[in-house]
Amino acid sequence: MKLREELEILVANKVEFVVIGGQAGVLRQAIEFSHDLDIIIRATPANAERVAAAVEGIAGVHPDPDLVLGRDFQQYIDPATGTEIDVHLKLIAIPDYETALRNAGPIDGFDLDVAVLEFPALYASKRTDRPRDAVHRRAIEDRLRRLVLDSRIEVDDIVLACCLDPEIASLQSVSSRLESVAASTHQPLLQARLTAFDLHVEAVRANPHLHDAVRAVLGLDAGLREKLVSHPARLAALLSRLPLQLPPNGYHVRGRP
Amino acid sequence: MIDRPQRGRPLPERPGDVLVRELLDEIELDERLGRSIGVDLTPPGPDASHAPVVYPPLSVWLERADEVSALREGAWRAERASSKK
């Protein structure tokens, strides 16, 4: 079944949901393919009834609505086609539907009105031990990086936390305020990227919100620090262990006019 | 519903100094093993050059994803048909 058809079934059944996981990355043009559709749902009995009906339309099985509300994660697969829908009540960094909704938005140019997790929340939710999630994180970094380089989105601490590298740092709009960002950002990922790329390290060191892991990296002698952050795979391993902090009221990537 | 669904688990939280020590230990282990067998065990690194140079329009992007989805569904059906024989 096509992604669009699955979403149409959810919409037709008036399910309250947010698209998360790999298909959110597909809809946001970062990830090229996902084998399943993951959604996070509002945890109410009425919505569980609607979810059950939609799952039947997508995967050919009708779950008990009580079960829908009883497990944080459920996986339904149509035995005839392999079409899979995963239903979540929460996920990493996203404790409930309401949080997901605060960090989601529609897709520009997509005519179905569905809420899709935005890049930062998607990135935060993929901080797992699964290799596929590491690949997806990298795809999100690459997509955000391209959007920044093409001046299509506003750049702030959260965007930089996901994709700062020397090329982004050299953009005039970024370089002019990077030292002040280094001295004040609360984002551990951004502190780590600045440290890894040797950008305003003294300002990072003096940052009152310095994350303890970044402090530990800065405390290493130059040789050990080099080992930890100079190779892309080693740096990715470090970054995967640091949180992306989302504002309590949610976060939306802002497009540039 | 699948009884034992597969999903990623959260990475363990560690105090900063413990985390850094753990990551360095992994690197040192790779280096030691690599030296002993004469092979560089440093994992291949992601690189910005691996990303698409151009992201096509959304319609094209979704069309490609659907094509992969259709191939996967075809493989699923074929596998089921052969397992029934």
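Please refer to the structure higher up on the page.
The model shown is predicted, which means the values in this text are computed figures rather than measured ones. (Residues numbered from 1 in each chain as written. Chains lettered and ligands numbered in written order. Predicted model: local features only at pLDDT ≥ 70, side-chain atom pairs only at ≥ 80, totals over all residues. Heavy atoms only, no water.)

> Would you explain the overall build of chain A in this entry?
When you go through chain A residue by residue, the secondary structure sums to 16 helices and six strands. Taken along its principal axes, the extent of the C-alpha atoms in chain A is 60 × 40 × 30 Å. Sequence separation of at least 24 residues holds for 57% of the intrachain contacts in chain A that already meet a minimum separation of 6. (Helix = DSSP H or I, 4+ residues; strand = E, 2+ residues; numbered from the N terminus. Contact = heavy atoms within 4.5 Å.)

> Explanation requested: the interface of chain B and chain A in the structure shown.
Size of an interface: often given as the accessible area lost when the parts come together. Between chain B and chain A, the residue contacts involve 49 residues of the former and 60 residues of the latter. Summed over both partners, the interface of chain B with chain A buries about 4,800 Å², with 62% contributed by carbon and sulfur atoms. In this structure, A:Lys227 and B:Glu31 form a salt bridge, with 3.0 Å as the shortest nitrogen-oxygen distance. Joining chain B to chain A, the criterion identifies 14 residue pairs in polar contact (both at pLDDT 80 or more). For the side of chain B that touches chain A, the elements supplying multiple residues, two or more each, are helix 1 (16-37) and helix 2 (58-84) of chain B. The element that contributes the greatest number of residues to the side of chain B that touches chain A is helix 2 of chain B, accounting for twelve residues. Among the residues making up the side of chain B that touches chain A, the classes are represented as 27 nonpolar, six polar and 16 charged. (Buried area = accessible area lost by both parts, 1.4 Å probe. Salt bridge = Lys/Arg side-chain N within 4 Å of Asp/Glu carboxyl O. Polar contact = N/O pair within 3.5 Å; in protein donor to acceptor, adjacent residues only side chain to side chain. Nonpolar A, V, L, I, M, F, W, Y, C, P; charged D, E, K, R; others polar.)

> Hey, could you run me through the packing of aromatic side chains in this one?
For any pair of aromatic rings, geometry is given as the distance between the ring centres together with the angle between the planes. A complete count under the given rule lists one aromatic pair over all chains for this structure. With centroids separated by 5.7 Å and ring planes inclined at 35 degrees, the aromatic side chains of B:Tyr55 and B:Trp61 adopt a geometry described as tilted. The residues B:Tyr55 and B:Trp61 share a single accessibility class, namely buried. Residue placement shows A:Arg137 over the ring face of A:Tyr123; its charged tip is 4.3 Å from the ring centre. Taking NZ or CZ as reference, A:Arg143 lies 4.3 Å from the ring centre of B:Tyr55, over its face. (Phe/Tyr/Trp six-rings, centres within 6.5 Å; stacked < 30°, edge-to-face > 60°. Buried < 20%, exposed > 50% of the residue type's maximum accessible area, 1.4 Å probe, protein only. Lys NZ or Arg CZ within 6 Å of the ring centre and 35° of its normal.)

> In this structure, what is going on with the layout of surface pockets? I would like to understand it.
In this approach the atoms are scanned with a rolling probe the size of a water molecule, which exposes any empty space left behind. In this model, the largest pocket occupies a volume close to 870 Å³. Forming the boundary of the largest pocket are 42 residues, of which A:Pro232, A:Leu235, A:Ala236, A:Ala237 and B:Pro46 lie nearest the centre. Class assignment of the residues belonging to the lining of the largest pocket gives a composition of 24 nonpolar, three polar and 15 charged. What lines the second largest pocket is a set of 23 residues, and nearest its centre among them are A:Arg28, A:Asp108, A:Arg143, A:Leu147 and A:Arg152. With three residues, helix 7 (residues 131-149) of chain A is the single largest residue contributor to the lining of the second largest pocket. Along the lines of polarity and charge, the residues of the lining of the second largest pocket split into 13 nonpolar, three polar and seven charged. (1 Å grid on protein atoms, 1.4 Å probe; cavity = no way out; pocket = protein on both sides within 12 Å on 5 of 7 lines; lining within 4 Å. Points joined across faces, edges and corners; volume = space filled by probe spheres on them.)

> Whenever I open this one, a nonpolar patch on the surface confuses me. Can you help?
Residues and elements named next belong to chain B. A contiguous nonpolar surface patch, about 410 Å² in accessible area, is contributed by Leu29, Leu33, Ile37, Val39 and Leu41. Relative to the elements of secondary structure, Val39 occurs in the loop between helix 1 and helix 2. Owing to a relative accessible area of 41%, Val39 belongs among the partly exposed residues under this scheme. (Patch = residues over 30% accessible without salt bridge, like charges linked within 9 Å, V, L, I, M, F, W, Y side chains within 5 Å. Areas by Shrake-Rupley, 256 points an atom, 1.4 Å probe, with all protein chains shown as cover.)

> I would appreciate a short explanation of the nonpolar core in the present structure.
The nonpolar side chains of soluble globular proteins are, as a tendency, buried together. Among the nonpolar cores identified, the biggest contains 101 residues, and A:Leu7, A:Leu10 and A:Ile85 are the most heavily contacted of them. Setting aside anything within four residues of it in sequence, one finds A:Leu10 in contact with A:Val15, A:Phe17, A:Leu37, A:Ile39, A:Ala54, A:Ile58 and A:Ile85. (Core = buried A, V, L, I, M, F, W, Y, C linked by side-chain atoms within 4.5 Å.)

> Quick question: what am I supposed to make of the sheet that holds strand 2 (residues 37-41) of chain A here?
Backbone hydrogen bonds are what pair the strands of a sheet, in a parallel or an antiparallel way. Residues and elements named next belong to chain A. Here we have six strands laid out as an open sheet, ordered 3-4-2-1-6-5, and mixed in their pairing. The sheet is open, and its two borders are formed by strand 3 (73-77) and strand 5 (104-105), each paired with just one other strand. Judged from the two bridges that link them, strand 5 and strand 6 (residues 115-117) form a sheet pairing that is antiparallel. Of the residues in strand 6, the one forming a bridge with Gly105 is Val116. Together, strand 1 (17-20), strand 2 and strand 4 (84-88) form the strand contacts of helix 1 (residues 3-12), whose direction differs from that of strand 2 by roughly 20 degrees. The strands touched by helix 3 (residues 45-59) within the sheet are strand 2, strand 3 and strand 4, with strand 4 carrying the most contacts at an inclination of about 165 degrees. (Pairing = 2+ DSSP bridges. Axes fitted to C-alpha atoms, helices over the stretch in contact; angles between N-to-C directions.)

> When you look at the side chain of A:Thr195 in this model, what are you seeing that I'm missing?
Residues and elements named next belong to chain A. Positionally, Thr195 belongs in helix 12 (residues 188-196). Owing to a relative accessible area of 4%, Thr195 belongs among the buried residues under this scheme. Only 2.8 Å separates the side chain of Thr195 from the backbone oxygen of Gln191, close enough to count as a polar contact. Setting aside anything within four residues of it in sequence, one finds Thr195 in contact with Val201, Val204, Val214, Val217, Leu218 and Arg225.

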